[in-house]
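Chains, contacts and geometry: an overview
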Amino acid sequence: MMEKMIVGRYLPADSVVHKMDPRAKLLFIFGFVIIVFLANNAVTYAVLGAITCLIVLLSRVKLRFLINGLKPVLILILFTFFLHVFFTKEGDILAQIGFLTIYKGGVIKGVLISIRFLLLIFVTSLLTLTTPPISVTDGIESLFGPLKKLKLPVHELALMMSISLRFIPTLLDETDKIMKAQMARGADFSSGSIPERVKAVIPLLIPLFVSAFKRAEELAVAMEARGYKGSEGRTKYRILQWSTRDTIAMFLLVALCAALFMLRS
Amino acid sequence: MKEKVISIKGVSFQYPDQEAFALRNVSFDVYKGEWLAIVGHNGSGKSTLAKMLNGLHYPSEGTVSIGGYALIEENVWLIREKLGMVFQNPDNQFVGTTVQDDVAFGLENNGVEHSAMQERVFASLEKVGMTAFLNQEPHHLSGGQKQRVAIAGVIALRPDIVLLDEATSMLDPLGREEVINTVRELNENEGLTVISITHDLEEASRADRVIVLNEGMLYTEGTPERIFQLDRELLNLGLGVPFAVQMSQLLTDAGLQLSRRHFNEEELVKDLWTLNFEK
Amino acid sequence: MDIKLREVEYSYAAGTPFERQAIMDVTFTIPSGQYVAIIGHTGSGKSTVLQHLNALLRPLKGEIEIGSRTIAAGRKGKKLKDVRRRVGIVFQFPEHQLFDETVEKDICFGPMNFGVSEEEAKKRTREAIGLVGLPEEVLGKSPFDLSGGQMRRVAIAGVLAMKPDVLVLDEPTAGLDPRGRQDIMNMFATLQKKNGLTCVLVTHSMEDAARYADKIIIMHKGQVYRTGAPRDIFSDADSLTNVGLDIPETVRFQRMFESHLGHPLDKVCLTPEELAAEVSRLRGEMT
């Protein structure tokens with residue numbers, strides 16, 4: 001079940017997008033998220049759509065994977081779509097079903113919001129598909145670096161993030177193993193009433209917690225044994241490299257922003 | 001005279017919430033360049049000893065000195081530079097998201113320069129034969145491979161001593177072989193001092209010297225050959241015996257002549273043949 | 001109750017870029033009441049096969065007959081509980097599945113899931129704890145206060161209390177010390193002989209396979225490489241070494257002895273005890 005999830009998984013390849021500095025990618029996405037909210041007519045959406053298509057092409061990620069990745073969030077998109085369709089009271093009346101009245105404005109709004117969602121999901125899943133999680137962490141640590149002066153534990157948080165990332169597959173495997181072991185003992189995780197189901201996960205959760213604590217303890221000992229004593233005096237193995245293509249991406253972002261301001265109505 | 005790298009004198013240790021001593025008056029030395037195996041069943045005190053050598057426990061009585069430093073709180077980081085540890089669970093000591101990040105972790109902690117770091121990561125991975133896996137993520141590696149990466153992470157810090165704390169007990173036979181061979185090579189070619197805490201006989205039989213712990217006390221010590229002569233005594237301590245020793249015993253019981261109990265299968269077969277079948 | 005696999009195929013993450021085929025064209029039978037060993041390296045497909053034995057995984061192709069039930073590819077399986085009650089699995093490091101406040105409650109978990117009354121479950125708990133060699137006093141303790149070896153035994157008792165017809169064991173002694181290993185393996189052998197239980201042992205240990213199994217199935221790269229009686233399997237050392245497996249120590253020693261003798265012994269000996277007796281008999285004949 002969990003093995004089919006594609007959101008948040010890295011697909012190694014050798015493309016321009018893969019090679020970009022994670023900081024550039026993070027900044028670009030941050031900018032893009034804001035710009036998406038500037039779009040308010042067909043032209044602006046078309047521009048954003050075209051840019052997204054361009055990035056997908058450059059990344060060489062197969063469209064099929066991206067679309068597969070949409071499946072888990074599809075319900076969310078449909079939900080917002082219908083919410084707008086049913087509850088926006090603008091423009092002409094298109095249809096009347098029972099007590100529900102559908103207005104033209106609602107349909108337009110629903111479609112636009114859904115497109116906005118799709119664009120955001122495409123672009124952010126492109127980040128995770130083309131960037132190893134550890135690089136994302138490095139990028140975040142570097143971008144937030146200045147906050148260290150404000151005594152914010154940026155290094156510690158980044159380390160926590162990278163360790164969590166490292167242990168996600170391990171813990172998923174473990175969940176699967178314990179689930180199967182309990183199913184072999186007759187546990188049923190997929191039927192029954194809500195209280196019954198809540199009760200059914202106890203035999204799964206307790207072993208998971210016990211093992212996670214044990215892992216954390218052993219990991220702490222192992223880290224100390226290898227000389228970990230906090231961020232002081234520590235050097236970094238991974239060094240981020242900002243190159244021309246990253247600068248170009250930033251220019252593109254600024255240009256995109258300017259274009260949207262001009263084209264929006 | 002061989003150079004001592006660890007010296008343990010009259011060490012006792014008691015866990016705060018327990019009455020019985022986990023270690024009782026244990027004394028022994030470890031010499032430079034040797035491979036010492038410490039064996040004992042679960043609860044014999046061997047894991048307490050391992051934790052102590054890593055500075056996680058301090059002796060209640062007696063003294064421990066590692067690489068010339070007394071085991072006291074102020075020296076703990078110096079001692080950890082001298083003695084590297086490989087732990088039991090391959091997953092719970094893999095810190096990095098990829099093989100090279102993991103090997104670099106210890107170097108980062110010790111403030112090694114970036115240029116030197118890359119060289120040392122690569123050289124260490126070469127010594128354990130894992131260079132082909134540089135960018136591999138841990139969940140795509142076998143247990144044996146993860147342990148080899150752990151060893152690389154330790155030797156990248158250039159310690160004098162490597163302590164394997166049941167490092168092969170969660171591995172399959174191939175993984176075990178892989179790890180033991182890697183350690184053997186490092187011990188022979190790099191002169192690394194190895195202490196392996198284990199209940200795997202195969203691992204113990206490859207050591208230069210074996211120490212048997214029982215109920216917190218040093219039961220006996222000697223070459224593997226001498227230790228495995230103890231045979232039934234070892235079984236009573238909850239330990240096994242190597243195949244040749246077991247076979248010698250069974251053959252004697254079945255009324256066959258043997259000059260002694262053998263440790264080596266080839267010698268046993270020769271002895272069995274000469275004394276019983278060659279006329 | 002026989003278990004029959006016919007041309008079973010399975011892939012993990014099927015239909016995604018991460019798809020990985022685990023087993024293909026796997027056909028074999030586990031005859032009722034026998035002790036069957038499945039051997040092979042890590043990654044040979046052993047554990048995938050094992051999870052098909054009680055329908056934890058469903059085949060993508062082929063079918064599995066478990067007693068009177070048939071689990072086939074493409075069909076939705078309903079009421080798998082009965083299958084799971086009859087085929088108990090002791091997973092590798094089973095102590096990781098313990099969760100309840102007391103040992104007794106934990107052992108009762110399996111039987112009560114299968115509809116056994118609390119009273120009956122408690123009775124079974126006392127039987128099971130005796131079988132695994134622990135005193136009844138541990139029943140009131142928290143499983144997390146026990147030693148690793150004791151936890152392992154409690155977890156095994158939890159499966160035994162389900163009273164399965166088939167007991168599947170995945171490396172049940174991994175990580176135990178030699179004495180604990182021997183105790184547990186002997187217990188399973190006794191159960192199989194005395195109670196007519198079918199035992200399936202998934203293992204790396206050629207010695208255990210040689211000593212206990214009636215039938216051996218060798219897996220290699222997701223397929224069945226060979227099946228047969230231990231004496232047949234181990235008399236052909238080459239076919240084992242071809243796939244990187246060892247022959248048991250006893251057989252290896254016997255071969256060394258035979259090279260002095262100049263001819264093979266009458267049979268391949270599977271345990272050191274058997275070999276000692278055989279050598280002794282031979283000397284008697286020669287003098």
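Residues numbered from 1 in each chain as written. Chains lettered and ligands numbered in written order. Predicted model: local features only at pLDDT ≥ 70, side-chain atom pairs only at ≥ 80, totals over all residues. Heavy atoms only, no water.

Our focus in this paragraph is the overall build of chain A. If you tally the helices and strands in chain A, you get ten helices and two strands. In sequence order, chain A lays out its α and β elements as α-α-α-α-β-β-α-α-α-α-α-α. Compactness check: chain A gives a C-alpha radius of gyration of 23 Å against a globular reference of 18 Å for 265 residues, more than 25% above the reference. Here chain A, with 265 residues, has 42% of them falling under the buried criterion. The long-range fraction of contacts in chain A, counting pairs at least 24 apart against all pairs at least 6 apart in sequence, stands at 72%. A distance of 5 Å separates the average location of the 31 positive side-chain charges in chain A from that of its 18 negative side-chain charges. (Helix = DSSP H or I, 4+ residues; strand = E, 2+ residues; numbered from the N terminus. Rg over C-alpha atoms; globule rule 2.2 N^0.38 Å. Buried < 20%, exposed > 50% of the residue type's maximum accessible area, 1.4 Å probe, protein only. Contact = heavy atoms within 4.5 Å. Lys, Arg positive; Asp, Glu negative; His and termini not counted. Charge placed at Lys NZ, Arg CZ, Asp CG, Glu CD.)

Glancing now at the sheet that holds strand E3 (residues 35-39) of chain B. Either a parallel or an antiparallel arrangement is found when strands of a sheet pair, and the pairing is made through backbone hydrogen bonds. All names here are of chain B. Spatially, E6-E7-E8-E3-E9-E10 is the arrangement adopted by the six strands of the open sheet, whose pairing is mixed. Taken across any chain shown, the strands that pair with only one partner, and hence form the sheet edges, are strand E6 (83-86) and strand E10 (217-222). Shown here is a sheet whose adjacent strand axes are inclined to one another by a mean of 20 degrees, direction ignored. With five bridges connecting them, strand E9 (residues 209-214) and E10 associate as antiparallel partners. Residue pairing in the sheet places Ile211 in a bridge with Glu221 of E10. Relative to the sheet, helix H1 (residues 46-53) contacts E3, E6, strand E7 (161-165), strand E8 (193-198) and E9, its axis offset from that of E8 by approximately 145 degrees. Packing against the sheet, helix H6 (residues 173-189) makes contact with E3, E7 and E8, and its axis sits at approximately 140 degrees to E3. (Pairing = 2+ DSSP bridges. Axes fitted to C-alpha atoms, helices over the stretch in contact; angles between N-to-C directions.)

All names here are of chain B. Enumeration over the complete set of coordinates arrives at 45 salt bridges over all chains. Between Asp160 and Lys82 there is a salt bridge; the shortest N-O distance is 3.6 Å. You can see Asp160 sitting in the loop between helix H5 (143-155) and E7 and its partner Lys82 sitting in helix H2 (residues 76-82), a full 78 residues away along the chain. A relative accessible area of 25% places Lys82 in the partly exposed class. (Salt bridge = Lys/Arg side-chain N within 4 Å of Asp/Glu carboxyl O.)

What follows is about the interface of chain C and chain A. In this complex, chain C contributes 27 residues to the contact, which on the side of chain A involves 22 residues. Overall, the association of chain C and chain A removes approximately 2100 Å² of surface from exposure, summing both partners, and the carbon and sulfur fraction of that is 65%. Contact with chain A buries area across many residues of chain C, yet Phe18, Gln97 and Phe99 of chain C alone supply 26% of it, more than any other trio. Between the two partners, chain C and chain A, sit one salt bridge. Residue Arg185 of chain A is joined to Asp106 of chain C by a salt bridge in which the shortest nitrogen-to-oxygen separation is 3.1 Å. (Buried area = accessible area lost by both parts, 1.4 Å probe.)

Its location among the elements puts Lys180 of chain A in helix H7 (residues 154-184). Taking the relative accessible area as the measure of exposure, Lys180 of chain A reaches 12% and is therefore buried. Residue contacts for Lys180 of chain A: discarding those within four places in its chain leaves Gln51, Leu56, Leu57 and Phe91 of chain C.

A few words on the interface of chain B and chain A. With 36 residues of chain B in contact, the opposing surface of chain A contributes 27 residues. Buried area between chain B and chain A, both sides added, is near 3000 Å², and the carbon and sulfur share of it is 54%. Counting across the chain B and chain A interface gives five salt bridges. Arg234 of chain A serves as the salt-bridge partner of Glu108 of chain B, at 3.1 Å between the closest nitrogen and oxygen. Counting every contact that joins chain B to chain A gives 16 residue pairs in polar contact (both at pLDDT 80 or more). (Polar contact = N/O pair within 3.5 Å; in protein donor to acceptor, adjacent residues only side chain to side chain.)

Purely geometric stuff here, so don't read any function into it on its own.
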